[in-house]
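What follows is each chain in one-letter form.
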Amino acid sequence: MEYVIIGSGVAAIGAVEGIRQWDATSPITIVSAEPYKVYGRPLISHLLAGKIREADIFYRSDNYYDLKGVKLLLGTRAVQILPDKRKVALSDGRMLPFDRLLIATGGIPFMPPLPGRDGPDVYTFTTLDDVRKLEALIGKAKKIVVIGGGLIGLKVSESLHDRGIRVTVVELADRILSTAFDPIAGEIIGKHLTEMGMEIILQNSVTEIVRENGHIRAVIMSDGTRRDCEAVVIAIGVVPDISLVEGTEIKTNRGILTDDFMETSVSGIYAAGDVAEVYDLLLGQRRVTPIWPAAYLQGQYAGSNMAGAKIAYRGSIPMNSIEFYGIPTVSIGLSNPAGENYEVRHVYLPEKKLYRKIVLKDNILMGAVLVGRIQRAGILTGLILNRIDCGSFQEELLKDDFGLINLPVEVRKKMLTTNP
Amino acid sequence: MRADETKCVGCHRCEALCPTGAITIRRNPSDFRDNALWTPWHIKNIYKQAATGGVLLTGMGNPCPYPIYWDRILLDASQVTNPSIDPLREPMELRTYLGAKPDAIEVINGDELKTAFTPQIPIEYPLLFSAMSYGSINLNIHCGLARAAEEMGILYNTGEGGLHPSLYKYGKNTIVQCASGRFGVHRDYLNAGVAIEIKVGQGAKPGIGGHLPGEKIGPEISLTRMIPEGTDALSPAPHHDIYSIEDLRQLIYALKEATDYQKLVFVKIAAVHNSAAIASGMVRAGADVITLDGFRGGTGAAPTMIRDNVGIPIELALASVDERLRQEGIRNQASLIVAGGIRCSADVVKALALGADAVYIATAALIAVGCTICQRCYTGKCPWGIATNDPYLAKRINPEIAHEKLANLIRAWGHEIQEMLGGMGINALESLRGNREKLRGIGLNEMELQILGIKHAGA
Amino acid sequence: MKRVYPREEVCIGCHLCEIACIVEHSASKDIIRAFKAEVPRPTARNLVEEEGPVSFSVSCRHCNDPPCVQSCISGAMVKDYQSGVVRHLEGKCMGCWSCIMACPYGAIRKNPVRKTVIKCDLCLERPIPACVEACPNRALIFEER
């Protein structure tokens, strides 16, 4: 049985670990466009900020691939998939045969059309190479404009700020972190970042990048405001990298469509991670869930099923944990639901920068946002995933020290006294 | 952490759990001037009563310095004549059968028994767990007692609080008690065990009934006892259907009828001044077993004045009852079990030699699971989780651990009894029962020696 | 694999399991020194939850399918398939708190003195875990289920 995995992110590692639980010996080949062994992608901001060294960023040990019996083709791009022939064409001309194929190509940054965009000093921030490029600016650039106030945009801003660069964030929505978090959380973090010295401009967008002799001088915003800068980082979103499957019978929507076993519309070909569309437990429909834990888990299920396990993946929920200058923030599930069927309660202490919010529907917990105090937040995640009826302890959910002791005895006993 | 010494009862719980051994328990009284008559205890009791107008309550057995006859009786041992028996090498019979023995046995054809016996209950050791009601103690202890009784082949007594449904499965090792309040008494209850004990009196509080303060009556107790939650459970002093020996006989036979003569009927009385006459009457009334409870017997709640001043020592009561029944030629018609502050296997052997068939232990059993005799049982705040049904405290007794400790106690005492018997050259309890010749008194006066029916050491 | 299972019916809330965990993870393994002399004082990996009469000790379940391993961005959380233990490699931990967000038992908590997390390691060097041995009422059972 030949296993081939396109992509060398966390979904690929999940797949390797999934395969090896069921099939200890068959060869696995990973085709990695990036020239690096798998690294913790969310850590690139820590690396840029100088908080870790490059050696620390790698996700598994150096001999991991050998130990797991995986052949790693670094710096090699897959250029075409031939489903009928069960082969993958590589950039170096080789043809890689497969019995089972996993497409885990991840996402690529969305580049909007923007006058002045083409040319040097425009960056994105999703890879280790991006860190190297931005590293070169330290000490040279004084001001950088970051387009996009989401997770990636703020993280790269924080890292650059830590390295002594003056950063301006331009965000289209009325708050930062508009997808992952809610208005209040956005306000707390926004204020905090501003106190730390970053400039955050809301409800605005960059309409032009001004260049002189090819070099960036400034950006112009939709309301005419101008900000001088020497570089621009574009961080307004990541889209699934589905270029490989175009022209094949592998069905896509925004991402590659998968069934409950992570298999695509073509038998023997699977997809996992940021490139895949999977079932969202809370919305009850398929969508792309580009978060780290989901990617690993999907890879694991894909790998297990590729090796013949036949275990259904019940679906993902979005979740994010991120800390900005000492304020930890966590959002789980539906952090900002639309519509009226939701019961939303919160505790907000602005002077203390503390916020805790829960979202319920028919007594089932659907989402939570925590800012400042995040101890044991995972208990809420468990309640969401297991659809526990919270009717008898709704009030307690808002307590900082909400614990298993607040759950009904039968629920708790089942959790703590059975094989996990 | 601050401790409030005014509330400390010296229960040793903190010391037992401290992982560094940092705590020692010491008395911390303010001293009064020495006064042999007006002791600090008497003084403080009067303060309490002046403040509350209430009856002084207490728990556990009589702690006053009355004479302890066990400590003035010595055992014999074999030397040269009638050699010792080694219990590790030779068979030693500790099993006893409780129940009336017939006056004579008729055998036909050499080996077929013609005489009909009333029911006999075998117990593997001459030890039983005495009555402690569900309510005065909690289900965790009852569970431990039941399991230990089952493992060791002896019996435990439900006390006057009824029997919890989860314990019916230990019926083969259960004595159900029928006390004056008739708490939890219904037909299934009567048939649940192997014996029914009519509790006429209790050593700790002769003449008055049982008392379970309302604080200790929660939902489970309420259900089992068939009374409302939170109300004091006061058993009346007499059974209101027993006002004479004839009434007792009527009740004994009513119970036998109700249980198809399959169960033994025990009758328990406190050891009081005319115990011998009462016991004689009880035997003639049809009791299969007489239980005598001496004045050192424990309790979950009793008025202090009664606990400390009423009743007589079990050693004296036992000797006089056994002697009277023998004189009247009816000793075989009932087994005799004694209770009331039996502390060790030596006390057990002395009790058997004075005439008992077996011994009930309760205080010793509770000490085995942690009790330090702080005498606060009546508050329902037992820190060892024994005499309480407060869910926070009751958890402190793990029934599994209680079972192990109780079984260990019986096993240990059983082994010691074997050693003492062997030392006397006896290999069966039959030969020890009522064998006063094996005992000698020490430091006892003529009257005491006479009542006990033993000689003085050296004589 | 054997795991530590709590029994709330007999847990008396004495916290001796937490104390034992602190001593076990101290440098001196001596209770007096661990509490009075060692700086920083080691942190207990388990947590006794209590409210009213109910109490029990919560520690890492070493799940068969650990959500913390799935969410760890640095590979600091790893499942050792030999022993079954979920190991936390402190040297790789970045303090991103993703595992805290993922663990449904709340068994992972922030280390009070470093930007890393702390969780039970099942006392692999002992025949039975320190907390199980220290419990005075057998409220922690170490067995396979």
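Below you will find a few notes about this structure.

1. Points about the overall build of chain B
Then comes step 1: Check the secondary structure of chain B and you find 14 helices and 19 strands.
Then comes step 2: Here the C-alpha radius of gyration of chain B, 22 Å, is about what a compact globule of 459 residues would show, namely 23 Å.
Then comes step 3: On the principal axes, the C-alpha backbone points of chain B span a range of 80 × 55 × 45 Å.
Then comes step 4: Here chain B, with 459 residues, has 48% of them falling under the buried criterion.
Then comes step 5: Partitioning the contacts of chain B with sequence separation of at least 6, the portion at a separation of at least 24 is 69%.

2. Observations regarding the overall build of chain C
Then comes step 1: The number of helices and strands found in chain C is five helices and eight strands.
Then comes step 2: When the elements of chain C are put in sequence order from the N terminus, they spell out β-α-α-β-β-α-β-β-α-β-β-α-β.
Then comes step 3: Scaling as 2.2 N^0.38, a compact globule of 145 residues should have a C-alpha radius of gyration of about 15 Å, and chain C matches this with 15 Å.
Then comes step 4: Each principal axis of the C-alpha atoms in chain C carries an extent, and together these give about 40 × 40 × 30 Å.
Then comes step 5: Taken across its 145 residues, chain C has 52% of its residues classed as buried.

3. Brief notes about the nonpolar core
Then comes step 1: Within the largest apolar cluster, 172 residues are counted, with the highest numbers of intra-cluster contacts made by A:Ile103 and A:Ala272.
Then comes step 2: Excluding its chain neighbours within four sequence positions, the residues that come into contact with A:Ala272 are A:Ala11, A:Ala15, A:Leu102, A:Ala104, A:Met262, A:Ala295, A:Gln298, A:Gly299 and A:Ala302.
Then comes step 3: Within the second largest apolar cluster, 126 residues are counted, among which are B:Tyr189, B:Ala358, B:Ile386 and B:Leu421.

4. Remarks on the arrangement of the chains
Then comes step 1: Between chains A and C lies the most contact-rich interface of the two pairs of chains that touch.
Then comes step 2: Taking C-alpha atoms only, the smallest gap left between chain A and chain B, which are not in contact, amounts to 15 Å.

5. Describing the sheet that holds strand S15 (residues 226-228) of chain A
Residues and elements named next belong to chain A.
Then comes step 1: An order of S13-S14-S15 is seen for the three strands of this open sheet, with the pairing classed as antiparallel. Looking at strand neighbours, the two that pair on one side only are strand S13 (206-212) and S15, the edges of this open sheet. Mean inter-strand twist for the sheet, computed between neighbouring axes without regard to direction, equals 25 degrees.
Then comes step 2: Relative to S15, strand S14 (residues 215-221) runs antiparallel, the two sharing three bridges. Looking across to S15, one finds that Ala218 is bridged to Asp228.

6. Points about the environment of B:Pro63
Then comes step 1: Within the secondary structure, B:Pro63 sits in the loop between strand S1 (57-58) and strand S2 (73-75).
Then comes step 2: Put simply, B:Pro63 and B:Gln375 are 312 residues apart on the chain and 9.7 Å apart in space, counted from C-alpha to C-alpha.

7. A short note on unusual backbone geometry
Then comes step 1: Cis rather than trans, the peptide bond between C:Val39 and C:Pro40 has omega equal to -5 degrees.
Then comes step 2: With respect to the element layout, C:Pro40 can be found in the loop between helix H2 (31-36) and strand S2 (47-51).
Then comes step 3: The backbone of A:Asp362 shows a phi angle near 50 degrees, a positive value even though the residue is not glycine.
Then comes step 4: Tracing the backbone through its elements, the reader meets A:Asp362 in the loop between strand S25 (354-361) and strand S26 (364-371).
Then comes step 5: Even without being a glycine, C:Arg138 presents a positive backbone phi close to 55 degrees.
Then comes step 6: Tracing the sequence through the fold places C:Arg138 in the loop between helix H5 (130-134) and strand S8 (140-144).
Then comes step 7: Its 14 C-beta neighbours within 10 Å are what place C:Arg138 among the partly exposed residues.

8. What to know about the interface of chain C and chain B
Accessible area lost upon the coming together of the parts serves often as the stated size of an interface.
Then comes step 1: On the side of chain B, 10 residues touch chain C, which itself brings 14 residues to the contact.
Then comes step 2: Those elements giving two or more residues to the side of chain C that touches chain B turn out to be helix H1 (16-24) and H2 of chain C.
Then comes step 3: For the side of chain C that touches chain B, a count of residues per class yields 10 nonpolar, two polar and two charged.

9. What to know about the sheet that holds strand S18 (residues 256-257) of chain A
Strand pairing within a sheet occurs via backbone hydrogen bonds; the two strands may be parallel or antiparallel.
Residue and element names in this part refer to chain A.
Then comes step 1: Read across the open sheet, the three strands follow the order S18-S20-S21; overall the sheet is mixed. Looking at the sheet topology across the chains shown, the edges are occupied by S18 and strand S21 (285-287).
Then comes step 2: Strand direction decides the pairing type here: S18 and strand S20 (residues 276-280), joined by two bridges, are parallel. By the bridge assignment for S20, Leu257 is matched with Glu277.

10. Section: the pairing of strand S1 (residues 2-6) of chain C
Residue and element names in this part refer to chain C.
Then comes step 1: Of all five residues in S1, four are buried, a share of seventy percent or more.
Then comes step 2: Bridge count for S1 against S8 is five bridges, and the pairing is antiparallel. By the bridge assignment, Arg3 is partnered in S8 with Glu143.

11. Some words on the pairing of strand S16 (residues 335-339) of chain B
Residue and element names in this part refer to chain B.
Then comes step 1: For S16, the tally of buried residues reaches five of five residues, placing the bulk of the element in the interior.
Then comes step 2: Going residue by residue along S16, you find Ser335, Ile337 and Ala339 tucked away on one face and Leu336 and Val338 tucked away on the opposite face as well.
Then comes step 3: As paired strands, strand S14 (residues 289-293) and S16 are joined by five bridges and run parallel to one another. Bridge assignment links Val289 to a residue of S16, and that residue is Ser335.
Then comes step 4: Tracing the backbone out of S16, into helix H10 (residues 345-354) and back to the parallel element strand S17 (residues 358-361) gives a crossover that is right-handed.

12. A short note on the packing of helix H7 (residues 275-284) of chain B against helix H9 (residues 314-327) of chain B
All names here are of chain B.
Then comes step 1: At a minimum axis separation of 8 Å, H7 and H9 run at an interaxial angle of 50 degrees. Regarding the angle of H7 to H9, the classification is oblique. In the packing of H7 onto H9, the handedness of the crossing is right-handed. For the pair H7 and H9, the contacting residues are Ser275, Ala276, Ala279, Ser280 and Val283 in the first and Ala317, Ser320, Val321, Arg324 and Leu325 in the second.
Then comes step 2: For the contact of H7 with H9, the per-class residue count stands at six nonpolar, three polar and one charged.

13. A look at helix H6 (residues 245-258) of chain B
Residues and elements named next belong to chain B.
Then comes step 1: With 14 residues, H6 should cover 20 Å at 1.5 Å per step; its first-to-last C-alpha distance of 20 Å lies within 8% of that length.
Then comes step 2: Listed in full, the buried residues belonging to H6 are Leu248, Leu251 and Ile252. With its buried residues spanning 100 degrees around the axis, H6 presents them on a single face. Residues of H6 that are exposed and point over 90 degrees away from its buried face: Glu246, Ala254 and Glu257.
Then comes step 3: Lining the buried residues of H6 we find strand S10 (195-199), strand S13 (264-270) and H7.
Then comes step 4: Asp260 occupies a position one or two residues after H6 and carries a positive phi of about 60 degrees.

What counts, and at which threshold
- The residue count restarts for each chain, going from 1 along the sequence in the order it is written.
- The order in which chains are written sets their letters, starting at A; the order in which ligands are written sets their numbers, starting at 1.
- Where local features are concerned, this predicted model is filtered to residues with pLDDT of at least 70; where side-chain atom pairs are given and counted, the filter is 80 or more; whole-chain, interface and lining totals use all residues.
- The helix count covers DSSP runs of H or I at least four residues long, the strand count covers runs of E at least two residues long, and both are numbered beginning at the N terminus.
- In this description the radius of gyration comes from C-alpha coordinates, and the expected globular size is given by 2.2 Å times residues to the power 0.38.
- For every residue, the other C-beta atoms within 10 Å of its own C-beta are counted; 20 or more classify it as buried, 12 or fewer as exposed, and values in between as partly exposed. C-beta atoms are placed from the backbone.
- Throughout, a pair of residues is in contact if the C-beta atoms placed from their backbones lie within 7 Å.
- Residues of type Ala, Val, Leu, Ile, Met, Phe, Trp, Tyr and Cys that are buried and joined through C-beta atoms within 7 Å form what is called a nonpolar core.
- A pair of strands is considered paired only if DSSP assigns at least 2 bridges between the two.
- Between the N-to-C directions of two axes lies an angle of 0 to 180 degrees, each axis being a line fitted to C-alpha atoms and, for a helix, fitted only over the stretch in contact.
- In this classification, Asp, Glu, Lys and Arg are treated as charged, Ala, Val, Leu, Ile, Met, Phe, Trp, Tyr, Cys and Pro as nonpolar, and every other residue, Gly included, as polar.
- For a crossover, the right-handed case is the one in which the path from the first strand over the helix to the second runs clockwise, viewed with the strands pointing away from the viewer.
- Reported orientations rely on four angle classes, namely roughly parallel under 35 degrees, roughly antiparallel over 145, roughly perpendicular from 65 to 115, and oblique for the rest.
- Whether a crossing is left-handed or right-handed is set by the direction in which the near helix is turned from the far one by less than a right angle, anticlockwise for left-handed and clockwise for right-handed.
- To estimate the expected span of a helix, subtract one from its residue number and multiply by 1.5 Å.
- When we speak of the arc, we mean the arc of directions from the helix axis to the C-beta atoms.

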